[in-house]
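This is what each chain is made of:
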Amino acid sequence: MRATLEFFLRRLISHGSLTVRWPSGRETSFHGAIPGPHAKIAVNTPDAIRRLLLNPSLAFGECYMDGSMEPIDGNIADVLALLSVNIMRNPGGHALLGLHYRLSDWRRRLDQYNPARRSQRNVAHHYDLNGRLYSLFLDRDRQYSCAYFPRGDETLEEAQLAKQRHIAAKLCLDRPDLSVLDIGSGWGGLGLFLAREYGARVLGITLSSEQLAESRARAEAEGLQDRVRFEMLDYRALEGRFDRIVSVGMFEHVGVGHYRAFFDTVRARLDPNGVALLHAIGRSDGPASTNPWIRKYIFPGGYCPALSEVLPHIERSGLVATDIEILRLHYAMTLRAWRRRFAANRDAIAALYDERFCRMFEFYLAGSEMSFRHMGHMVFQIQLAHLQTAVPLTRDYITVAEQAGRLITAGRESAAATR
């Protein structure tokens, strides 16, 4: 089987080079004709060779998790950078990899069937982990979504705050006491920010019991429980209307078969003069399927859609897309920051879980970063309304509102410092 795997690797590696140390100790190097990154790995068992040959998209991560495949003179991010560059430029390099992609495309609607009860189980799989884990690699506000780097050299905290201001600007929070619905409210950071900085009245909904408890505790600690309410609720069970609706990092868990229900819900719950904003991960190279390792270990039921899969449902809902923005490398930069913080706190995380868990999360963070750097993933923000007149005619108001938001924060912090 080793000879067959070597054959496929020779076909795959067209950029840079890969060196493999086999269980016997012998090394083989695969050199592409085009300069690129270099990586070296050890494949430690004959069984790992078999698994990598038969189902590489699942087995590669599993072999790293169990130690039967390991990087040499580098880390897993170096290996994944090399492989992602070559897979994107040479998709036919591994015949079985292409076959698995086609099979995954065929079954993707089944994988993404997410009725309410299954959605809650899927959310619990990832978000109901020990809360301390996330505090060890996220920013202080626990923003678990793409940050926004206007200059490119911001700290993670600065970039996540800039993301919140960017979203607030697109929500057109032009007066206090606007009612805001936050679908997929995470650990509550965005809802608390909108209430604290803009005087909004926020309902945040989540399917994670861990996030719900943390969000409620934060609201009470900040004295904002009269302005921000968090509930365990599926978006399909909502009632009432809201001046503004926002959803950040939740749409990836909806599933293609439920997009119509999602946008019908937004239409029904959004005030006739209201504004909504959807912030989600997408793909720029058209519809595909979720990587099987990610689907099994990280986000069961998850999928990052192409815009061509999203916009038809918006059109059918009767909502108007008033603005679309693509954030390209912002999530790659966010994931790099998370990956580095995870590495800096690896011993503490291993004490919470174990070595296998640490390897799983390392593979997840590094693989996700490379998806944004090399494999066509991006983040889209779609602003929605019932009326074309719900937002200003040009996008200048976004920059003006962001500048005003910085002044609001500075004024509040100055006032707090003088107390």
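Details of the structure are given in the entry above.
Residues numbered from 1 in each chain as written. Predicted model: local features only at pLDDT ≥ 70, side-chain atom pairs only at ≥ 80, totals over all residues. Heavy atoms only, no water.

**Quick word on the overall build of the protein**
Here comes step 1: Regarding its fold elements, the protein presents 17 helices and eleven strands.
Here comes step 2: By the burial criterion, 57% of the 419 residues in the protein qualify as buried.
Here comes step 3: Contacts in the protein between residues far apart in sequence, at least 24 positions, make up 71% of those at least 6 positions apart. (Helix = DSSP H or I, 4+ residues; strand = E, 2+ residues; numbered from the N terminus. Buried < 20%, exposed > 50% of the residue type's maximum accessible area, 1.4 Å probe, protein only. Contact = heavy atoms within 4.5 Å.)

**Looking at the pattern of salt bridges**
Here comes step 1: Counted according to the given criterion, the structure contains 34 salt bridges.
Here comes step 2: Arg50 is the salt-bridge partner of Asp47, the closest N and O atoms lying 2.7 Å from each other. With a gap of three residues between them, Asp47 and Arg50 both fall in helix H2 (residues 46-54), about one helical turn apart.
Here comes step 3: Ionic pairing is found between Arg359 and Glu70, a salt bridge with its closest N-O pair at 3.0 Å. Placement of the pair is Arg359 in helix H16 (residues 355-374) and Glu70 in strand E4 (residues 69-71), with a sequence separation of 289 residues.
Here comes step 4: A single network of salt bridges, built from pairs that share partners, joins Asp47, Arg50, Arg51, Glu62, Asp66 and Lys296. (Salt bridge = Lys/Arg side-chain N within 4 Å of Asp/Glu carboxyl O.)

**Description of the sheet that holds strand E6 (residues 201-206)**
Here comes step 1: Taken in spatial order, the seven strands of this open sheet run E7-E6-E5-E8-E9-E11-E10, and their pairing is mixed. Only two strands of the sheet have a single partner each, and these edge strands are strand E7 (228-232) and strand E10 (320-327). The sheet shows a mean angle of 15° between the axes of neighbouring strands, direction not considered.
Here comes step 2: Pairing of strand E5 (residues 179-183) with E6, which is carried by five bridges, proceeds in the parallel orientation. (Pairing = 2+ DSSP bridges. Axes fitted to C-alpha atoms, helices over the stretch in contact; angles between N-to-C directions.)

**Here we look at unusual backbone geometry**
Here comes step 1: Located in the positive-phi region is Cys172, a residue other than glycine, with phi close to 55°.
Here comes step 2: With respect to the helices, strands and loops of the structure, Cys172 is situated in the loop between helix H8 (156-170) and E5.
Here comes step 3: Positive phi, close to 70°, is recorded for Asp177, a residue that is not glycine.

**Details of the pairing of strand E3 (residues 34-43)**
Every regular strand shows the same layout, with side chains that alternate between the two sheet faces.
Here comes step 1: Pairing of strand E1 (residues 15-21) with E3, which is carried by six bridges, proceeds in the parallel orientation. Within E3, the residue paired with Thr19 across the bridge is Lys40.
Here comes step 2: Pairing geometry for E3 and E4, over three bridges, is antiparallel. The residue of E4 that forms the bridge with Ile41 is Pro71.

**Focus: the packing of helix H11 (residues 259-269) against helix H13 (residues 307-317)**
Here comes step 1: At their nearest, the axes of H11 and H13 sit 9 Å apart, and the two run at 45° to each other. It follows from the interaxial angle that H11 and H13 lie oblique. Considering how the two elements wind past one another, H11 and H13 form a crossing that is right-handed. The residues of H13 that touch H11, namely those facing Tyr259, Arg260, Phe263, Asp264 and Arg267, are Glu309, Val310, His313, Ile314, Arg316 and Ser317.
Here comes step 2: Residue classes in the contact of H11 with H13 are distributed as four nonpolar, two polar and five charged. (Parallel < 35°, antiparallel > 145°, perpendicular 65-115°, else oblique. Left-handed = near helix turned anticlockwise from the far one by under 90°. Nonpolar A, V, L, I, M, F, W, Y, C, P; charged D, E, K, R; others polar.)

**So, the side chain of Glu252**
Here comes step 1: Inspection of the secondary structure assignment puts Glu252 in the loop between strand E8 (242-248) and H11.
Here comes step 2: Buried charge without a salt bridge: Glu252, with Lys163 as the nearest opposite-charge side chain at an N-O distance of 10 Å.
Here comes step 3: Among the polar contacts made by the side chain of Glu252, one reaches the main-chain amide nitrogen of Ile281 at a distance of 2.8 Å.
Here comes step 4: Among residues more than four places away in sequence, those in contact with Glu252 are Ala280, Ile281, Gly301, Gly302, Tyr303 and Cys304. (Lys, Arg positive; Asp, Glu negative; His and termini not counted. Polar contact = N/O pair within 3.5 Å; in protein donor to acceptor, adjacent residues only side chain to side chain.)

**A short note on the packing of aromatic side chains**
Here comes step 1: Taken as a whole and judged by the stated rule, the model has 27 aromatic pairs.
Here comes step 2: Look at Tyr331 and Trp338: their rings are 5.8 Å apart centre to centre, the planes differ by 85°, and that puts the pair in the edge-to-face class. Note on accessibility: Tyr331 and Trp338 belong to one class, buried.
Here comes step 3: In this structure, Arg359 is placed above the aromatic ring of Tyr64, and the distance from its NZ or CZ to the ring centre is 4.9 Å. (Phe/Tyr/Trp six-rings, centres within 6.5 Å; stacked < 30°, edge-to-face > 60°. Lys NZ or Arg CZ within 6 Å of the ring centre and 35° of its normal.)

**Describing the side chain of Glu62**
Here comes step 1: Note on placement: Glu62 falls in helix H3 (residues 56-66).
Here comes step 2: With a relative accessible area of 13%, Glu62 lands in the buried category.
Here comes step 3: At 2.6 Å, the side chain of Glu62 forms a polar contact with the side chain of Tyr297.
Here comes step 4: Once residues lying within four places of it in the same chain are set aside, the contact partners of Glu62 are Arg51, Trp293, Lys296 and Tyr297.

**A closer look at the sheet that holds E4**
The pairing of strands in a sheet comes from backbone hydrogen bonds and takes either a parallel or an antiparallel form.
Here comes step 1: Taken in spatial order, the four strands line up as E2-E1-E3-E4 in an open sheet, and their pairing is mixed. Two strands lie at the open edges of the sheet, namely strand E2 (27-31) and E4, each paired on one side alone. Taking each pair of neighbouring strands and ignoring which way they run, the sheet shows an average axis angle of 25°.

**With respect to the environment of Val180**
Here comes step 1: Looking at the secondary structure, you find Val180 in strand E5.
Here comes step 2: Distance from Val180 to Val246, taken between C-alpha atoms, is 7.4 Å for residues 66 residues apart in sequence.
Here comes step 3: Sequence-distant contacts of Val180, defined by excluding residues within four places in its chain, comprise Leu173, Leu194, Ala200, Arg201, Val202, Leu203, Phe242, Arg244 and Val246.

**So, the nonpolar core**
A general feature of soluble globular proteins is that nonpolar side chains tend to end up buried together.
Here comes step 1: Among the nonpolar cores identified, the biggest contains 68 residues, and Phe137, Trp293 and Phe361 are the most heavily contacted of them.
Here comes step 2: If we skip the residues at most four places from it in the chain, Phe137 touches Tyr144, Leu156, Trp338, Arg341, Phe342, Phe361 and Leu365.
Here comes step 3: One finds Tyr235, Ala276, Leu278 and Leu319 within the second-largest nonpolar core, a separate group that totals 29 residues. (Core = buried A, V, L, I, M, F, W, Y, C linked by side-chain atoms within 4.5 Å.)

**Focus: the environment of Phe60**
Here comes step 1: Checked against the element boundaries, Phe60 lands in helix H3.
Here comes step 2: Non-local contacts of Phe60, meaning those with residues more than four positions away in its chain, are made with Leu52, Met69, Ile76, Val79, Leu80, Leu83 and Phe363.

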